[in-house]
Amino acid sequence: MNKRRYGSTGMTVSEIGFGAWQLGNRQEWEAMDETSAISLVHEALAMGINFFDTAPNYGLGNSETLLGKALKGQREKAVINTKFGHHAGGETDFGVRRIRESVEGSLKRLQTDYIDSVIIHNPPFELLDGKFGHYAEFEKLKAEGKIGAYGVSVDSAREMREAVTGGGGTGIGVIEVMFNIFYQETADAFALAQERDIPLIIKVPLDSGWLSGKYGSESIFSGVRSRWSPEIIRKRAALLDKIKFVTGGNTTLAMAALRFILSYPAVATVIPGVRSHAQLEENVSASAGSMPEDQVRRLEQLWQSEIRDQQLGW
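Figured I'd write up the structure that's included with this text. (Residues numbered from 1 in each chain as written. Predicted model: local features only at pLDDT ≥ 70, side-chain atom pairs only at ≥ 80, totals over all residues. Heavy atoms only, no water.)

**Quick look at helix α8 (residues 253–262)**
Under the convention used in this document: Relative accessibility decides the category of a residue: with a 1.4 Å probe and only protein chains considered, values under 20% of the type maximum give buried, values over 50% give exposed, and everything between is partly exposed. Secondary structure elements follow DSSP: runs of H or I of four or more residues count as helices, runs of E of two or more count as strands, with numbering from the N terminus. Whether two residues are in contact is decided by their heavy atoms: any pair within 4.5 Å suffices.
Taken across its 10 residues, α8 has 10 buried, putting it largely inside the fold. Within the sequence span of α8, burial applies to Leu 253, Ala 254, Met 255, Ala 256, Ala 257, Leu 258, Arg 259, Phe 260, Ile 261 and Leu 262. Here the buried face of α8 lies against β1 (3–5), β9 (200–203), α7 (230–242), β10 (267–270), α9 (277–285) and α10 (293–307).

Here it is as structure tokens:
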């Protein structure tokens, strides 16, 4: 497993991370039992993964709880990133007064006395420049040794720039951002993040499953994925046909999708969700190779010419 610098934190992280949204999540998925969930985390560690991304609202706190149990006795092997804003009780509240309570709740569930990074979980745009005191509060927790770094989770280049260049954003140490073959808009701000030595955690790397290779024009969705209309399903399936050139030999579509993201030096780690040993192995295999530069350029050109102006949902 290749490792990359986690910005100015002094840490290195596995370029393939472990997205723990599905871990213990009974709201959108059929939940794994505790033994299976803990075993999956242990397998990830054995395969060289050391970066784990979670949040208080994932499984209403259960994701953090299971991760804490799995890492008990080997906390030093992991870099943990969690979030603030969507709470374990199911409510959404970005108020500054809730930051300490949220972080301390995460510390308890994770069974640790420090969290490597905490990010504001897709906040409203007006919070990104820090004028309401969020970053100042995180600075206090950082000074106390309860967190190592803080930042934001966002979905656009505009939001990235606001967080980095806003009046109160000078302490931003990490950004989690959506980016994948079918959604490349955020790459417009990658150079800025790299210039400021702010590592990028890439979320939704497989475009909610479309880049896993298991969906097509006849796919029927339920639950959280029922948001796609028949028209959007047709559009997405047609795009899959146009990127088949990235597969072949031992390279699956999922592996290629992850390698595309890892071709960008601003990226520290990518966090595909994990629900099984097979998914874990496929994710880790992406670190064993790289995408040819000509394929990267073709995918970038496809985005600019045919995808950027389409309404595909996320």
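**Quick look at the nonpolar core**
Here is the rule we go by: To qualify as a nonpolar core, a set must consist of buried Ala, Val, Leu, Ile, Met, Phe, Trp, Tyr and Cys residues joined through side-chain atoms within 4.5 Å.
Phe 18, Phe 52, Phe 138, Ile 175 and Phe 190 are the most contacted members of the largest nonpolar core, which has 90 residues in total. Broken down by element, the residue count for this core peaks at 9 residues, all from α8. When residues no more than four places from it in sequence are discounted, the contact partners of Phe 138 are Phe 84, Ile 99, Val 103, Val 118, Ile 120, Ile 147 and Tyr 150. With 9 residues, the next largest nonpolar core counts Tyr 6, Val 79, Val 174 and Ile 271 among its residues.

**Things to note about the packing of α8 against α9**
Heads up, the condition is: To obtain each axis, a line is fitted to C-alpha atoms, and for helices this fit is confined to the stretch in contact; angles are then taken between N-to-C directions over 0 to 180 degrees. Put simply, angles under 35 degrees are roughly parallel, angles over 145 are roughly antiparallel, angles from 65 to 115 are roughly perpendicular, and the rest are oblique. Note on convention: near helix rotated counterclockwise from far helix by under a right angle means a left-handed crossing. Clockwise means right-handed. Think of it as three bins: nonpolar holds Ala, Val, Leu, Ile, Met, Phe, Trp, Tyr, Cys and Pro, charged holds Asp, Glu, Lys and Arg, and polar takes everything else, Gly as well.
Contact geometry of α8 with α9 gives a least axis separation of 8 Å together with a crossing angle of 45°. Here α9 runs oblique to α8, going by the angle between their axes. The handedness of the crossing between α8 and α9 comes out as right-handed. Facing Ala 254, Met 255, Leu 258 and Arg 259 of α8, the residues of α9 in contact are Glu 282, Asn 283 and Ser 285. Of the residues contributing to the contact of α8 with α9, the split by class is 3 nonpolar, 2 polar and 2 charged.

**Focus on the pairing of strand β6 (residues 115–121)**
Stated formally: The pairing criterion is simple: DSSP has to find at least two bridges between the two strands. When the strands point away from the viewer, a crossover counts as right-handed if the path from the first strand over the helix to the second runs clockwise.
Counting buried residues in β6 gives 7 out of 7 residues, a clear majority hidden from the surface. Note: strand β5 (residues 79–84) against β6, 4 bridges, orientation parallel. Each residue of the ladder has a partner; that of Asn 81, found in β6, is Ser 117. The β-α-β motif built from β5, the intervening helix α3 (residues 99–110) and the parallel element β6 has right-handed crossover chirality. One ladder, built from 6 bridges, connects β6 with strand β7 (residues 147–154); its direction is parallel. In the sheet register, Ile 120 faces β7, and the bridge partner there is Val 152.

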